[in-house]
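In case you want the letters, here they are:
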Amino acid sequence: MRALFTRRRMIGGTLSASAATTLAGSSSNATQGAEAANDPPGSPLARLRAAFGASLIGFARFDDGRLAGTVQRKLSELPSIVDFGAVGDDRTDNTDAIQRAIDIIATQGGGVLLVPAGIFRIRRALTLRSNVRLTGVGPAAVLHLVNTDRSSAIRADGVRDRRLHGISIHDLTITGDVDFANGKPSVVNGSGIAFVHADDCDVAGVRVIGFSDNGISCHNGSRNSITNCRVERTSQGISFTASDMNVTGNIALGNRISDTGQYNSLHLEGGFGGGTMRGEVSHTTLNGNTITGSWEAGINIELAPHTSCVGNTVRQSGLGRTMIAMGIKVYGGAYSTLCGNTVTGSTGNAIVIGANSGRCSVEGNTTAGNGGALLLTDSGAQVTNDVAIGVNNFAEGDIQVQGNVRIRNRTTGFSFVNRADPDPQVLDWYQEGRFAPRATGSHAVRDARFTRIGNVVHVAIHLTGSGNGASQQVAIEGLPAPAAMASHLCVAYRSGEHNSTTCATLDAGQTVLVLAPPARVEERINNTRQIKWEATITGSYLTEG
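Notes on the structure in this doc start here. Here the structure is a predicted model, which means the values were calculated and not measured.

Rules behind the numbers
- Per chain, the residues get numbers from 1 upward, laid out in the order the sequence is written.
- Selection of residues for local features in this predicted model requires a pLDDT of at least 70, selection of side-chain atom pairs for listing and counting requires 80 or more, and totals for whole chains, interfaces and linings are taken over all residues.
- Hydrogens and water are ignored here; the side-chain numbers use all heavy atoms of the structure.
- Only DSSP runs of H or I covering at least 4 residues are called helices, and only runs of E covering at least 2 are called strands; the numbering of each starts at the N terminus.
- Exposed residues in this analysis have more than 50% of their type's maximum accessible area, buried residues have under 20%, and partly exposed residues fall in between, with area computed by a 1.4 Å probe over protein chains only.
- We call two residues in contact whenever any of their non-hydrogen atoms come within 4.5 Å of each other.
- Surface exposure here means Shrake-Rupley accessible area, sampled with a 1.4 Å probe, where a residue is shielded only by the protein chains that are shown.
- Working definition: a ring pair exists when centres of Phe, Tyr or Trp rings (six-membered ring for Trp) sit within 6.5 Å. Plane angles under 30 degrees give stacked, over 60 give edge-to-face, the rest tilted.
- Two limits define a charge over a ring: the Lys NZ or Arg CZ must be within 6 Å of the ring centre, and within 35 degrees of the ring normal.
- We define a salt bridge as a side-chain nitrogen of Lys or Arg found within 4 Å of a carboxyl oxygen belonging to Asp or Glu.

### Looking at the overall build of the protein chain
The helix and strand inventory of the protein chain stands at 6 helices and 52 strands. Counting every position in the protein chain, which comprises 545 residues, the buried fraction comes to 49%. When contacts within the protein chain are restricted to residue pairs at least 6 apart in sequence, long-range pairs at least 24 apart make up 63% of them. Of the accessible surface of the protein chain, which amounts to about 24200 Å², a share of 51% is contributed by carbon and sulfur atoms.

### What about the side chain of glutamine 236?
Here glutamine 236 is to be found in strand β21 (residues 230-241). Residues contacting glutamine 236, with those up to four places away along its chain left out, are Asp213, Asn214, Gly215, Thr260, Tyr263, Asn264 and His267.

### Here's the deal with the packing of aromatic side chains
Per the counting criterion, the structure on display carries 0 aromatic pairs. The aromatic ring of tyrosine 331 is capped on one face by lysine 329, whose charged end is 5.2 Å from the ring centroid.

### Notes on the pattern of salt bridges
Enumeration over the complete set of coordinates arrives at 13 salt bridges. Note that arginine 121 is salt-bridged to aspartate 90, the shortest N-O span being 3.5 Å. Taken as a pair, arginine 121 in strand β6 (residues 118-122) and aspartate 90 in strand β4 (residues 89-93) lie far apart in primary sequence, 31 residues in all. Residue classification places aspartate 90 among the partly exposed residues on the basis of a relative accessible area of 22%. Close ionic contact of arginine 223 with aspartate 200 constitutes a salt bridge, the shortest N to O distance being 2.8 Å. Note that arginine 223 is positioned in the loop between β19 (207-219) and β20 (225-227) and aspartate 200 in the loop between β17 (198-199) and β18 (202-204), a separation of 23 residues in sequence. Among the residues examined, arginine 223 registers a relative accessible area of 43% and is labelled partly exposed.

Here it is, written out as structure tokens:
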């Protein structure tokens, strides 16, 4: 910063030596009083004598176009990037000047650095330090990144055992030069704002436009907030991620995200990086955000339990028609709440709750014009259990279920449909290994599934077996406990040409006992009289709740 301190030029002449001495405070009170009596009120000397200290010393700059002023006024101003040589003409490279300002403020323990109106070009990332607040004067304060090496515009890079904290970015615009075509960025310039191992930071009132990675990202950080920001034309909008550690308490509130050109608009992901990464992004608040035009999911909640997703509006998601073309996706989001959201125009389902998302609650949501309303599904042996469905307005109609899902439905008037099968297949516990059938002869459970909707369980089990006795006994365990002792199910047998129908009982031990009658067709296997049979167990019963 180049500055020059000068005396202010006097109006109406110069001061005498005695007057200057008096104004400097070196004469006695009597002398000051006598001289004051000789000065007419309102005269130049009287006005000057009323002022002391910094108000007598002028502050001038060598920079062209900068106004001089008093030190008293200057000390009341916020330090500005222009005080360190930055020029907002969108031609000058201001990277070093702004970085120098950030570093000086950081050495003083932190403070506010002002970005005035203008377009301040930078060619590499600005690195923020703890307790530094970068604040603009609104959208007219612009940082323009022109690099193409993925270094990003603003970074805050802490490490696991030396974390950053207390960083703020407020009221400015951050732009890059990226457009998207068919899910690909035109150039690679990184993120608009990227925090790593930084806690208790906030970004508010910031507009981020045109970046090949995230608009705003927080990786391995807790208690960070992103509020009232606008993010446009980025690969991914706003993200909170964690790799090998658990983070908590992050907030995205009242943001507007549009035209994400490659991935998701609002993204939570634990285990970021895959492989052995097992971190979680927990207790995140996503409230009142408006999302328009997502290439993949509008809101993606992945390995992010206890997420509050409330009052968000998602329009036109899944434009890339990928595998996660949906409005709101929850995978690994146990104990999360989806309440009061509006999802329209998604090419896939409006809401999908998938594997490891037990004890979620879905209530008060409105969907229309999507590829489907609510889909409850799983991934192999990873189960989605006890999803509570309240009163929602699903204009698309049916709720769809696939695989290992248990529903706690708190309302009426819904039908449940599996697109691959007209009968719902909600809990397929045999395929997951929860059934433990046993019998006196050899047997196999070819197919076993049951549906639980509310407190009613619908059973459909197909058994095959063989043995050398007069009858066969098979115990199938692991069903939900019945509300009444000895609940009855229907058993249809077939052995060769012999068919019969009888009842099986389901006792309080959650066991179905099947007694197969003797077969009329016998065949010798390994020189032993064997009976081949098959049975289908069907019916429904009430659970305990």
